[in-house]
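# Results of the structural survey
This is what each chain is made of:
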Amino acid sequence: MSAKHSGEFYRFYALNSKPAGFKEGGEPKGYYVDILKLVAQRLKLDDVEVNVVPYPRIVNELLHNEQGVVISCLFPNKKFDQSIHQPIAVASFQTAVVSIADKPFTWDNFEGKRVASLRGASKVYGLKLYDAAEQGQVTILSAQTYSQALKLLEAGRIDGFAGNLGIISNLAQEMEIELAQPAYLTSAKSYITISIAPNTDNAEQILQDIELSVQQLLESGEIQDIVESYLPKAIQER
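A short tour of the structure in this document, coming up. (Residues numbered from 1 in each chain as written. Predicted model: local features only at pLDDT ≥ 70, side-chain atom pairs only at ≥ 80, totals over all residues. Heavy atoms only, no water.)

### What about the pairing of strand E5 (residues 69-74)?
Most of E5 sits inside the fold, with 6 of its 6 residues counted as buried. Where burial is concerned, the two faces of E5 agree: the one with Val69, Ile71 and Cys73 and the one with Val70, Ser72 and Leu74 are both buried. With 3 bridges connecting them, strand E1 (residues 10-15) and E5 associate as parallel partners. The residue bridging phenylalanine 12 from the neighbouring strand is isoleucine 71, located in E5. As defined by bridge partners, E5 adjoins strand E11 (residues 183-196) across 6 bridges and the pair is classed as antiparallel. Across the sheet, the residue bridging to leucine 74 is tyrosine 191, located in E11. (Buried < 20%, exposed > 50% of the residue type's maximum accessible area, 1.4 Å probe, protein only. Helix = DSSP H or I, 4+ residues; strand = E, 2+ residues; numbered from the N terminus. Pairing = 2+ DSSP bridges.)

In structure tokens form, the structure reads like this:
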């Protein structure tokens with residue numbers, strides 16, 4: 001690896017939703033943080049920092065990358081074009097619509113309900129919600145963060161929140177919000193997500209090196225061990 005392709009050439013971003021990414025004692029932690037650190041080690045990068053930032057910041061960094069390589073772990077996004085590479089899945093997570101305990105959202109009473117998601121989108125969370133939105137049976141709204149969505153839910157401004165069940169359950173417990181039984185959706189895959197700036201030397205080789213590194217970490221079980229250390233397998237794939 002050339003001197004140009006140092007730790008500063010690569011920028012790593014983890015979603016700031018516990019337990020995917022958070023700070024504890026000033027140190028970044030979380031399953032996306034740990035996965036990205038392992039990828040950096042495989043690429044033999046020194047002094048790499050994983051930045052824990054909001055979802056819109058990550059998308060902006062990926063889409064408007066003018067120098068070097070941006071790496072994250074994200075679900076697919078309709079905003080991503082051919083410049084954003086998602087070559088390999090890193091983990092599979094259960095998605096669901098959650099609601100407040102005394103006002104449950106179910107697949108028997110969902111018509112007319114307002115459901116928020118992190119992207120204001122429904123397709124990534126499964127065809128059941130997507131079809132309901134397309135048919136006008138539910139209204140899909142956008143939330144900036146998981147914590148914002150849970151606050152909206154608690155305040156009664158939305159009827160449900162669709163997303164990664166593990167993250168939602170963890171955060172709701174911290175916020176002392178009692179949730180109803182989830183309305184399960186699907187198992188969604190999160191991918192290593194890469195943006196390489198235009199005119200970067202050896203861009204194809206860089207992409208191949210990152211994909212190979214992730215593949216090796218998957219085959220060794222290291223990525224699964226990380227995810228399971230933060231999220232019980234029962235929550236991931238329920």
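The discussion continues.
### Considering unusual backbone geometry
Peptide bonds are, in most cases, trans, and in most cases residues other than glycine have a negative phi. Proline 19 follows lysine 18 through a cis peptide bond whose omega is 10 degrees. As for its position among the elements, proline 19 is in the loop between E1 and strand E2 (22-24). If you check the backbone angles, aspartate 47 has positive phi at about 55 degrees while not being a glycine. Assessed through its relative accessible area of 80%, aspartate 47 is described here as exposed. Phi at asparagine 202 is positive, roughly 60 degrees, even though this residue is not glycine.

### As for helix H6 (residues 203-219)
Spanning 17 residues, H6 covers 24 Å between terminal C-alpha atoms, matching the ideal 24 Å at 1.5 Å per step. Just downstream of H6, glycine 221 is the residue with a positive phi angle, here 85 degrees. (Expected span 1.5 Å × (residues − 1).)

### Concerning the pairing of strand E7 (residues 89-98)
For E7, a buried count of 10 out of 10 residues is recorded, marking the element as mostly surrounded by other parts of the structure. In the sheet, E7 pairs with E11 via 7 bridges, with the strands oriented antiparallel. Considered in E11, the bridge of glutamine 94 is made with serine 187. The pairing of E7 with strand E10 (residues 160-164) spans 4 bridges and is antiparallel. Within E10, the residue paired with valine 98 across the bridge is phenylalanine 161.

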